[in-house]
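Listed below, chain by chain, are the residues.
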Amino acid sequence: MFQLDAYGTLVAASLVLLLGRQCVHNIPLLKKYAIPDPIAGGLLVALTLLIIHQTTGWEANFDTSLRDPLMLTFFASIGLNANLASLKAGGKVLIKFIIVVIGLLLLQNTVGIGMATLLGLEPLMGLLVGTITLSGGHGTGAAWGSVFVENYGLINATEVAMACATFGLVLGGLIAGPVALYLIKHSATPNGRPEDALQPTTFENRQSGRMITSLVLVETIAMITICLMLGGYIRELLAGTILELPIFVYVLFIGVILSNILSYTGFYQVFDRAVSVVGNVSLSLFLAIALMSLRLWELASLALPMLAILLVQTLVMILYAIFVTYRVMGKNYDAAVLAAGHCGLGLGATPTAIANMQAVTDRFGPSHVAFLIVPMVGAFFLDITNAIVIKLSLLLPMFAQ
């Protein structure tokens, strides 16, 4: 057993990002299919640790205490960069994407429950391999896994949920690039040039230089810390109520309110370049830690029927992104980027969706619509609609206790 503390884990995550960057830059296949740097580096390290564990029994343990704060910092930065006027301007597109997302939620649970029944598994297992873990991620999986153990007597539900969410996180980052590449080649702009000529902003261009003073950086860190602090307080206040949601939703919401109040009153203008730098750093480190600390050997706990359902769900996500998301959202470059983001939302998590879109736009060009809509839908609307879909699914006769 090799143990790394928080500092060692942070150093390792930084090296994983550098490794991923080199892999994507030097391996044509990864570059061609726009695989995100954290996915490439993190998965390579996770596979290496898997081989070492299987051959020697040796394993590495990482201190992941920084993972959640980094994730929350990322969501706070999204909120602070959210301009309500811009969001209102994209209203029709936003509504269409929400409808598309809801459609996938319903389809995932239908496929999960249907295949579980067909394979002779508990129907609850179908929900676990549905929106609970795939669109919901590790947090939602852990929460509902506990409910299934306590209220339905489904043994090992939490372990199954974590394994399924892990599978989704990996696949959500791997399939998005090939899907986007296929769609862009068949779009109105097969050379990859987007329909608009606007310059990329905030999260769209991670590589652009940004002049930031130390004072601006301190102010940005202070605002992000306020978002984390108030988000945690609201989470505790609403715990156990009908309004209870994952903490990152509250953090993002506080960021939106704070930035727009400061802007409206003229008291302070949020410096979006500083916010985007802090957000991009947090996003990259979060994904690196999450992926390099994957214990892939634990996926062996998934029985073959569960693995079969997961593979079918992955195929469903690919087909849905190509034939529904892309077509409903306009069959153009922006729609292709949205489809890549939806692959992250549908199988992984919002950070995976953002990383997917960044990998695509780094190569082909900016997509303002995608970066306006996906973060807000993924961090706010998705969790609310997913909670409703899950609770409605549990009202089906097959789940009656």
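Here the structure is a predicted model, which is why all the values come from computation and not from measurement.

Calculation criteria
Residues numbered from 1 in each chain as written. Predicted model: local features only at pLDDT ≥ 70, side-chain atom pairs only at ≥ 80, totals over all residues. Heavy atoms only, no water. Helix = DSSP H or I, 4+ residues; strand = E, 2+ residues; numbered from the N terminus. Expected span 1.5 Å × (residues − 1). pLDDT = per-residue confidence, 0-100. Axes fitted to C-alpha atoms, helices over the stretch in contact; angles between N-to-C directions. Parallel < 35°, antiparallel > 145°, perpendicular 65-115°, else oblique. Left-handed = near helix turned anticlockwise from the far one by under 90°. Contact = heavy atoms within 4.5 Å. Nonpolar A, V, L, I, M, F, W, Y, C, P; charged D, E, K, R; others polar. Core = buried A, V, L, I, M, F, W, Y, C linked by side-chain atoms within 4.5 Å. Buried < 20%, exposed > 50% of the residue type's maximum accessible area, 1.4 Å probe, protein only.

Turning our attention to helix α6 (residues 91-118). Here α6 is 28 residues long and its end C-alpha atoms lie 41 Å apart, about the 40 Å a rise of 1.5 Å per residue gives. Among the residues trailing α6, G120 stands out with phi positive, at a value near 80°.

Glancing now at the confidence of the model for the protein chain. The share of residues in the protein chain with pLDDT of 70 or more is 91%, and the mean pLDDT across the chain is 85. Put simply, helix α5 (residues 84-89) is where the protein chain has its lowest mean pLDDT, 66, and helix α14 (residues 333-347) is where it has its highest, 94.

Take the packing of α6 against helix α13 (residues 304-328) next. Relative orientation and spacing of two packed helices are given, respectively, by the angle between their axes and the distance between those axes. Where α6 meets α13, the closest approach of the two axes is 10 Å, and the angle between their N-to-C directions is 155°. Considered as vectors, α6 and α13 are oriented roughly antiparallel to each other. Handedness of the α6/α13 crossing: right-handed. Facing K96, F97, V100, G103, L104, L107, Q108, V111, G112, M115 and A116 of α6, the residues of α13 in contact are A308, I309, V312, Q313, V316, M317, Y320, T325 and V328. Grouping the constituent residues of the contact of α6 with α13 by class yields 14 nonpolar, five polar and one charged.

Moving on: the nonpolar core. Within the largest apolar cluster, 127 residues are counted, with the highest numbers of intra-cluster contacts made by F97, L128, F148 and V360. Looking at this core element by element, the count peaks at 15 residues for helix α9 (residues 157-185). Contact partners of L128, with chain neighbours within four places excluded, come to T133, F148, L154, A157, V160, A161 and C164.

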